[in-house]
Protein chains: 2
Amino acid sequence: MSAHVATQEMPAQKKARVPLNGVNTPALFATIDVVRQQPQLADFRFRAKGRWIAGTHMQTTMSSFTGAGGDHTHKVAYTADADHPAVLCGEDEGPTPVEYLLHSLAACLTAGIANIAAARGVTLHEVESTLEGDIDLRGILGLSDEVRNGFSAVRVNFAVKGDAPAAKLQEIVDQARARSAVFDILTNGVPVSIDVKV
Amino acid sequence: MSAHVATQEMPAQKKARVPLNGVNTPALFATIDVVRQQPQLADFRFRAKGRWIAGTHMQTTMSSFTGAGGDHTHKVAYTADADHPAVLCGEDEGPTPVEYLLHSLAACLTAGIANIAAARGVTLHEVESTLEGDIDLRGILGLSDEVRNGFSAVRVNFAVKGDAPAAKLQEIVDQARARSAVFDILTNGVPVSIDVKV
């Protein structure tokens, strides 16, 4: 999730903004202008509802969220299954939770790249990413108190092709990272509260 | 992702371990015993491959990972689509990246609850979760340098029903949090490197 388009980066003399890369660039800039005038529209709350199925298999539904001064529903109630793989005694009925973290990061950065390229007038041809996360499972298996539970490191590799010099494509990726919600959360952390009703 | 079963928590006198909650408890304990003897088996590397489609819409494929001394493939190559919603100028072809973060957290904690309950001999009937994440989009929209890009807070609410006193169910959730890979990553952060090939 990342729109990333700081107006101070735009040329002083406005060029005609046209949709590009499948991004409705005029609508994106108009949205930013509206939020600048009414900052309370920027307050969003996203939601997910999880349901245990069996073993380590569960399913999450993502159907609605709040923001821009109102409630919204996705055009369908999206679901995602997760499970542990067979080697970790699961039934492999879906990707693992940590693979979804990698997906979330790839998705946020890729959306940012597309938006920023459109805002800067750069036509993209291809944006591919490969992500890796290293984890020592002695943490979650309770076999070591010196090993953390989560990833020790995450690596993202982008291959970007577009109608711009290499340096400009690199700048677009840099700006996507600089304004990525998920990159911020993963690298800086976020307070998480857990309440239980039993 | 969380197996969470520290042997020191088990009774000194071993009870017969039987599958419970869809968790193959004997296999889980056997796995932990093997990793205790051969710690290098705990080194895992998870992967995801992202592909931009159009606008802010992309798709990730999660098909293989490395661990337990070898390479593994999921029983199918799982895919997940992500997009921005219409109110943020996307086509809403999938959940947003940040909703997937919530899903990842729900999935990891829920799997942990199921594994730990099984290890402790507790039959579960229901594990439901609702998650919320608050975000001020002035960060990613480039409208404020004082607002972070990511969530300011995440709240998880579990409803757990099972054949155990409330205190024991609460302890199971507490242990799931204490050994959750995703909870650790989200609350403590992880180093992320981004390389670009243009």
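These figures come from a predicted structure and were not determined experimentally.

What to know about the packing of aromatic side chains
And step 1. This structure, assessed with the given rule, holds 7 aromatic pairs over all chains.
And step 2. For the ring pair Phe46(A) and Phe65(A), a centre distance of 5.2 Å and an interplane angle of 25° mean the geometry is stacked. With Phe46(A) in strand β1 (residues 43-54) and Phe65(A) in strand β2 (residues 57-67), this residue pair connects regions lying 19 residues apart in the sequence. Phe65(A) carries the same exposure label as Phe46(A), and that label is buried.
And step 3. Consider the rings of Phe44(B) and Phe65(B), whose centres lie 6.3 Å apart with planes at 20°: the pair is stacked. A residue pair is termed long-range when its members are at least 10 positions apart, and Phe44(B) in strand β1 (residues 43-54) and Phe65(B) in strand β2 (residues 57-67) qualify at 21 residues.
And step 4. Ring pairs connect the aromatic residues Phe44(A), Phe46(A) and Phe65(A), which therefore count as one cluster.
And step 5. For Arg17(A), the ring lying beneath its charged end belongs to Phe29(A), and the centroid distance is 3.6 Å.

Comments concerning the environment of His125(B)
And step 1. Turning to its location among the elements, His125(B) is positioned in strand β4 (residues 124-136).
And step 2. Through-space distance from the C-alpha of His125(B) to that of Asn21(B) is 8.3 Å; in sequence the pair is 104 residues apart.
And step 3. Contacts of His125(B), omitting those with residues within four sequence positions, involve Trp52(A), Lys161(B), Gly162(B) and Asp163(B).
And step 4. Polar contacts involving the side chain of His125(B) include one to the side chain of Asp163(B), which spans 2.7 Å.

Some words on the interface of chain B and chain A
And step 1. Taken together, the contact between chain B and chain A spans 134 residues of the former and 134 residues of the latter.
And step 2. Both faces considered, chain B and chain A share a buried interface measuring about 11,600 Å² in area, 62% of it formed by carbon and sulfur atoms.
And step 3. Where chain B packs against chain A, one counts 10 salt bridges.
And step 4. We note a salt bridge from Lys75(B) to Glu93(A), for which the minimum N-O separation is 3.0 Å.
And step 5. Our count for the contact surface shared by chain B and chain A stands at 66 residue pairs in polar contact (both at pLDDT 80 or more).
And step 6. Counted by class, the side of chain B that touches chain A contains 70 nonpolar, 38 polar and 26 charged residues.
And step 7. Pairing between strand β6 (residues 192-197) of chain A and strand β5 (residues 153-162) of chain B: 6 bridges, direction parallel. Counterpart to Val192(A) in the pairing with β5(B) is Val154(B).

Quick notes on the rules
Residues numbered from 1 in each chain as written. Chains lettered and ligands numbered in written order. Predicted model: local features only at pLDDT ≥ 70, side-chain atom pairs only at ≥ 80, totals over all residues. Heavy atoms only, no water. Phe/Tyr/Trp six-rings, centres within 6.5 Å; stacked < 30°, edge-to-face > 60°. Helix = DSSP H or I, 4+ residues; strand = E, 2+ residues; numbered from the N terminus. Buried < 20%, exposed > 50% of the residue type's maximum accessible area, 1.4 Å probe, protein only. Lys NZ or Arg CZ within 6 Å of the ring centre and 35° of its normal. Contact = heavy atoms within 4.5 Å. Polar contact = N/O pair within 3.5 Å; in protein donor to acceptor, adjacent residues only side chain to side chain. Buried area = accessible area lost by both parts, 1.4 Å probe. Salt bridge = Lys/Arg side-chain N within 4 Å of Asp/Glu carboxyl O. Nonpolar A, V, L, I, M, F, W, Y, C, P; charged D, E, K, R; others polar. Pairing = 2+ DSSP bridges.

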